[in-house]
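This is what each chain is made of:
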Amino acid sequence: MDYKKSKAPVNTVTRNIMDLCDETGNIYESVAIISKRSNQIAVEIKQDLNKKLAEFASYNDSLEEVFENREQIEISRYYEKLPKPTLLATQEFVENNVFWRDPSKEGKEQTNS
């Protein structure tokens, strides 16, 4: 996923807490969902960055190293400018783009049927 195209802000934004608990009815549950999604995004971004930087891994010292470092620096700058995973996850949650379920509630619904 291209996180640069996300509508998530780059800086911290003040949010109305009550807006976050509209879907779940519980602010703590909303924060737990956002934090789990944030961890997923962080892992995905880190894997992507490591994959791109692994292409430049060289174990030889040469004059070409200067040019490789420039490319590595450009890749690193791109990832530094991305919104933080918590902001991305919060934006996804607010836009209802996060799929979540509560197994404890699903179990109760199934027994009542």
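Please read all numbers here as calculations on a predicted model, not as lab measurements. (Residues numbered from 1 in each chain as written. Predicted model: local features only at pLDDT ≥ 70, side-chain atom pairs only at ≥ 80, totals over all residues. Heavy atoms only, no water.)

## Things to note about the environment of Leu 20
Argument step 1. Structurally, Leu 20 can be placed in helix α1 (residues 17-20).
Argument step 2. Sequence spacing of Leu 20 and Ser 30 is ten residues, and the spatial spacing of their C-alpha atoms is 6.4 Å.
Argument step 3. Residues within four places of Leu 20 in sequence aside, it is in contact with Ile 27, Ser 30, Ile 34, Thr 90, Phe 93 and Val 94. (Helix = DSSP H or I, 4+ residues; strand = E, 2+ residues; numbered from the N terminus. Contact = heavy atoms within 4.5 Å.)

## A short note on unusual backbone geometry
One can expect most non-glycine residues to show negative phi and most peptide bonds to be in trans.
Argument step 1. We note that Asn 96 has phi near 60°; this positive angle belongs to a residue other than glycine.
Argument step 2. Inspection of the secondary structure assignment puts Asn 96 in the loop between α4 (85-94) and α5 (103-112).

## Comments concerning the layout of surface pockets
Over the atoms, a rolling probe the size of a water molecule traces out where space has been left empty.
Argument step 1. In this structure, the largest pocket encloses a volume near 280 Å³.
Argument step 2. Surrounding the largest pocket, Glu 29, Ala 32, Ile 33, Lys 36, Arg 37, Gln 40, Val 98, Phe 99, Trp 100, Arg 101, Asp 102 and Pro 103 form its lining.
Argument step 3. Take the lining of the largest pocket: its biggest share by element is six residues, from helix α2 (residues 27-54).
Argument step 4. Taken together, the residues of the lining of the largest pocket sort by class into six nonpolar, one polar and five charged. (1 Å grid on protein atoms, 1.4 Å probe; cavity = no way out; pocket = protein on both sides within 12 Å on 5 of 7 lines; lining within 4 Å. Points joined across faces, edges and corners; volume = space filled by probe spheres on them. Nonpolar A, V, L, I, M, F, W, Y, C, P; charged D, E, K, R; others polar.)

## Digging into α2
Argument step 1. Over its 28 residues, α2 extends 40 Å from the first C-alpha to the last, a length consistent with the 40 Å expected when each residue adds 1.5 Å.
Argument step 2. What α2 keeps buried is the set Glu 29, Ser 30, Ile 33, Ile 34, Arg 37, Ser 38, Ile 41 and Ile 45.
Argument step 3. The N-cap residue of α2 is Asn 26: its side-chain oxygen and the backbone nitrogen of Tyr 28 are 3.0 Å apart. (Expected span 1.5 Å × (residues − 1). Buried < 20%, exposed > 50% of the residue type's maximum accessible area, 1.4 Å probe, protein only. Polar contact = N/O pair within 3.5 Å; in protein donor to acceptor, adjacent residues only side chain to side chain.)

## Topic: the pattern of salt bridges
Close approach of charged atoms lets side chains of opposite charge pair.
Argument step 1. This structure, assessed with the given rule, holds two salt bridges.
Argument step 2. Note that Arg 37 and Glu 92 form a salt bridge whose closest N and O atoms lie 2.6 Å from each other. On the criterion of sequence distance, the pair formed by Arg 37 in helix α2 and Glu 92 in helix α4 is long-range, its members being 55 residues apart.
Argument step 3. In this structure Arg 37 comes out as buried when scored by relative accessible area, which is 17%. (Salt bridge = Lys/Arg side-chain N within 4 Å of Asp/Glu carboxyl O.)

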